[in-house]
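# Notes for the structure review
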Amino acid sequence: MGIDKDKDILRPLSDKEVDELLDLYRNKFGEENFHYLLIYNQRKWDRQLDEAKIAREDPAYISLRKQFFTHRSGDFRKWGTYVSLHRDVVQSVSFFSWQPEDCPEMWQCLEQTNRIEWTRGALLTNVDLGFCDRIKELAQKRGVLSQQPRKCFGMVLPHSGALKAQVPELLSEFDIRKLTDEDAAMIHAIWPNNGEGSLAYLRALIRFNKTLGICRSDTGELIAWIFQNDFSGLGMLQVLPKAERRGVGGLLAAAMTRRIAKGEQVTLTAWIVSSNWRSEALLKRIGYRQGLVIEWIKLVPLDAA
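Scope of this entry: the structure provided in the associated data block. Computed from a predicted model, the values in this text were never measured in an experiment. (Residues numbered from 1 in each chain as written. Predicted model: local features only at pLDDT ≥ 70, side-chain atom pairs only at ≥ 80, totals over all residues. Heavy atoms only, no water.)

## Brief notes about the overall build of the protein chain
Along the protein chain, the regular secondary structure elements total ten helices and twelve strands. Here the protein chain has a C-alpha radius of gyration of 19 Å; the compact-globule value for 305 residues is 19 Å, and the two agree. The C-alpha extent of the protein chain, read off along each of the three principal axes, is 60 × 45 × 40 Å. Out of the 305 residues belonging to the protein chain, those deemed buried represent 50%. Within the structure as shown, the protein chain displays about 14,400 Å² of accessible surface, and the carbon and sulfur contribution to it stands at 48%. Within the protein chain, the 40 negative side-chain charges are centred at a point lying 3 Å from the centre of the 43 positive side-chain charges. (Helix = DSSP H or I, 4+ residues; strand = E, 2+ residues; numbered from the N terminus. Rg over C-alpha atoms; globule rule 2.2 N^0.38 Å. Buried < 20%, exposed > 50% of the residue type's maximum accessible area, 1.4 Å probe, protein only. Areas by Shrake-Rupley, 256 points an atom, 1.4 Å probe, with all protein chains shown as cover. Lys, Arg positive; Asp, Glu negative; His and termini not counted. Charge placed at Lys NZ, Arg CZ, Asp CG, Glu CD.)

## Things to note about the pattern of salt bridges
Per the stated rule, a full pass over the model turns up 28 salt bridges. Across the salt bridge formed by K16 and E20, the nearest N and O atoms sit 3.6 Å from each other. Separated by four residues within a single helix, K16 and E20 lie in helix α1 (residues 15–29), roughly one turn from each other. Note on K16: relative accessible area 60%, which makes it exposed. In this structure, the salt-bridge partner of R26 is D23, at a minimum N-O distance of 2.6 Å. Of this pair, R26 and D23 are both found in helix α1, three residues apart, which corresponds to roughly one turn of the helix. Residue R26 is classed as partly exposed on the basis of its relative accessible area, which comes to 28%. Taking relative accessible area as the criterion, D23 reaches 35% and is therefore assigned partly exposed. (Salt bridge = Lys/Arg side-chain N within 4 Å of Asp/Glu carboxyl O.)

## A word on the nonpolar core
One finds F95, L110, I135, L234 and L268 to be the most contacted residues of the largest nonpolar core, which totals 98 residues. Among the elements that line this core, the one with the most residues is helix α9 (residues 248–263), at nine residues. For L234, the contacting residues outside a window of four places in its chain are I226, F227, N229, A253, M256, T257, I260, L268, T269, A270, L283 and Y288. (Core = buried A, V, L, I, M, F, W, Y, C linked by side-chain atoms within 4.5 Å. Contact = heavy atoms within 4.5 Å.)

## Brief notes about the packing of α1 against helix α2 (residues 34–51)
Contact geometry of α1 with α2 gives a least axis separation of 9 Å together with a crossing angle of 145 degrees. You can see that α1 and α2 cross each other, and the crossing is left-handed. Across from D15, V18, D19, L21, L22, Y25 and R26 in α1, the residues of α2 making contact are H35, Y36, I39, Y40, R43 and D46. In terms of residue class, the contact of α1 with α2 is built from seven nonpolar, one polar and five charged. (Axes fitted to C-alpha atoms, helices over the stretch in contact; angles between N-to-C directions. Left-handed = near helix turned anticlockwise from the far one by under 90°. Nonpolar A, V, L, I, M, F, W, Y, C, P; charged D, E, K, R; others polar.)

## Topic: unusual backbone geometry
A positive phi angle, near 60 degrees, is found at K53, a position not held by glycine. Considering the arrangement of structural elements, one finds K53 in the loop between α2 and β2 (67–71). Of note in the backbone geometry, R245 takes a positive phi value of approximately 65 degrees without being a glycine. Its location among the elements puts R245 in the loop between β10 (234–239) and α9.

Below is the structure:
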């Protein structure tokens, strides 16, 4: 992180600077802020990967290597201006600034950089509603023909509440365990977002993130699972059709909530599409509340538009 190979308007931040950015967001918005949590989780991954002696260029773990940038001529310490670029199935892009008068520094970064893969299917994540119209217009100017915006709720549960999450009793016909590398191929085969590089992403998550799966106790067949996501919260909860309406989804969400809270001093979060009332109800039963409303915007690649 922090190697500057060109003169793009986006200047990469060093590890020390990313730590400063983390402190800025904590002090400005608190530890329930999703930009804070994104930076927090990346620095956790950085430490884990360094301890495992995994090189930063290792392609097997590129999905755990978000890189943070700021305006080449600006000072991120003043307005918290950052752009994050990340590669897993596609490039994902996150950005924010609290600069007054429409965040000119941030928009210069987005409008002038050559680092964003606008027409190759980039995913704009965690987009503040006040930024949505302008970023969609910018994507069109960059040649994007089709966009798929999704309004999402950021569900939040403070750490103290997560520690007290009530986990339903597991039916005797099921067992619960951590996921293993051997589970990755099966999960990948039916994961709706699978694609080039996504199997390596799942394997990396299984190795370094918290995971849980529910299996049949007689055959060992994996029938439901959940991952810790890149905000250190809940993600990728999936229950096979044969096991639906057995309560395993709610059990996994509650169990993962408590497991993360016992291992990390972090606010628990989950992203859900605003129309997914079932997931919202499930999370609210555990104690989550709606923290914010944002958009995730998928830019359809030109070869698929």
